[in-house]
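The chain contents come next:
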Amino acid sequence: MTDLIASMAASASGMAAQSARMRLVGENIANADTPGYHRKLVSFESLAAGTVAAGRVTLDQTQPARHFDPSHPMADAAGYYDGSNVNLVLEIADAREAQRGYEANLRLFDQARQMSSAALTLLRR
Amino acid sequence: MSFDLTILQMASGLAQHSGARLSLVSQNIANADTPGYTARDLPDFGAAWASSQSVQLSATRAGHFGAVAGQPGTRATESAAFGSMSPNGNNVAIEDQMMRAAAIRQEHELALGVWSKSLDMLRTAIGKRR
């Protein structure tokens, strides 16, 4: 029974980590047009009990795209301003992967719940 | 009546084994995007049962023969699907883990079924109505 509880804990931590990742994807997409924005990245790290957690958030140091628009308030003398370095295709792919991971964790959580309730029904007979 | 309850031990052993395996599979799925993580699994119940039945040295300390450091009996799974090793050193294939989870559910249902049927037989033998 403790194994099944541990399994639910691992799945729940996986879901939490994937939703943290999804939140960063949302923030990146929301800021896709913010001048000077660097996209946020997170790497997962596994903890002692087999659970997982989202690690430190880092910034993607890729050079942001330069846009030519002399009328822009942040444009420099040459008429260019820094956009963000968010790549929408990359963000969507990341979101898909997070969704897939979340669903797999959810399915395993449900299976652990069903297995423990099946074991508990034996007591009710 | 030659009914020496080994079957009940076996059923409960199988249920425990499937629970322990499910815990490892859940950890694998949770760590499916962790860099450098290696998927783990337990050996088959048949192998574990056979080794527990034969006479062997018991390992009660880390220095004894047969003692394994860390989690006993777990082993790294060979990555079943070609290309499941990703560039960050993670070899968890979610599809493979899902297959294992389905097998574990079958194992667990088998164990619970055998357990309850054996108890039914015992009840019948002592003349109780079910």
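Note that the structure is a prediction, hence the values are computed from the model and not measured. (Residues numbered from 1 in each chain as written. Chains lettered and ligands numbered in written order. Predicted model: local features only at pLDDT ≥ 70, side-chain atom pairs only at ≥ 80, totals over all residues.)

A short note on the environment of F44 of chain A
- Structurally, F44 of chain A can be placed in strand β1 (residues 40-46).
- Residue F44 of chain A is classed as buried on the basis of its C-beta count, with 24 C-beta atoms lying within 10 Å.
- Look past the residues within four positions of F44 of chain A in its chain and what remains in contact with it is A17, V52, A54 and G55 of chain A together with D33 and T34 of chain B. (Helix = DSSP H or I, 4+ residues; strand = E, 2+ residues; numbered from the N terminus. Buried ≥ 20, exposed ≤ 12 C-beta atoms within 10 Å, placed from the backbone. Contact = placed C-beta atoms within 7 Å.)

What about the nonpolar core?
- If you look at the biggest cluster of nonpolar residues, it comprises 26 residues, and the most contacted ones within it are L108 and A112 of chain A together with L22, V25 and I29 of chain B.
- Secondary structure elements with two or more residues in this core: α1 (2-30) and α2 (88-121) of chain A together with α1 (6-30) and α3 (94-125) of chain B.
- At 6 residues, α1 of chain B tops the list of elements feeding residues into this core.
- Setting aside chain neighbours within four positions, we find A112 of chain A in contact with L4, S7, M8 and S11 of chain A together with L22 and S26 of chain B.
- In this structure, A11, L14, A15 and A111 of chain B belong to the second largest nonpolar core, which totals 5 residues. (Core = buried A, V, L, I, M, F, W, Y, C linked by C-beta atoms within 7 Å.)

Notes on the confidence of the model for chain B
Residue and element names in this part refer to chain B.
- The pLDDT averaged across chain B works out to 80; a share of 72% of its residues lies at or above 70.
- Between the elements of chain B, mean pLDDT differs from a low of 68, seen in strand β2 (residues 75-76), to a high of 92, seen in α3.
- Predicted confidence for residues 67-72 stays below pLDDT 50, and this span has 4 contacts to residues more than four positions away or in other chains.
- Of the two predicted TM-score estimates for the complex, the pTM is 0.81 and the ipTM is 0.85. (pLDDT = per-residue confidence, 0-100.)

Side note on the interface of chain A and chain B
- At the interface, 26 residues of chain A touch 24 residues of chain B.
- Elements with a minimum of two residues in the side of chain A that touches chain B: α1, β1 and α2 of chain A.
- Sort the elements by how many residues they give to the side of chain A that touches chain B and α2 of chain A lands first, with 9 residues.

Let's talk about α3 of chain B
- Between its terminal C-alpha atoms α3 of chain B stretches 47 Å, which fits the 46 Å expected from 32 residues at 1.5 Å a residue.
- The elements touched by buried residues of α3 of chain B are α2 of chain A together with α1, β1 (40-41) and α2 (45-53) of chain B. (Expected span 1.5 Å × (residues − 1).)

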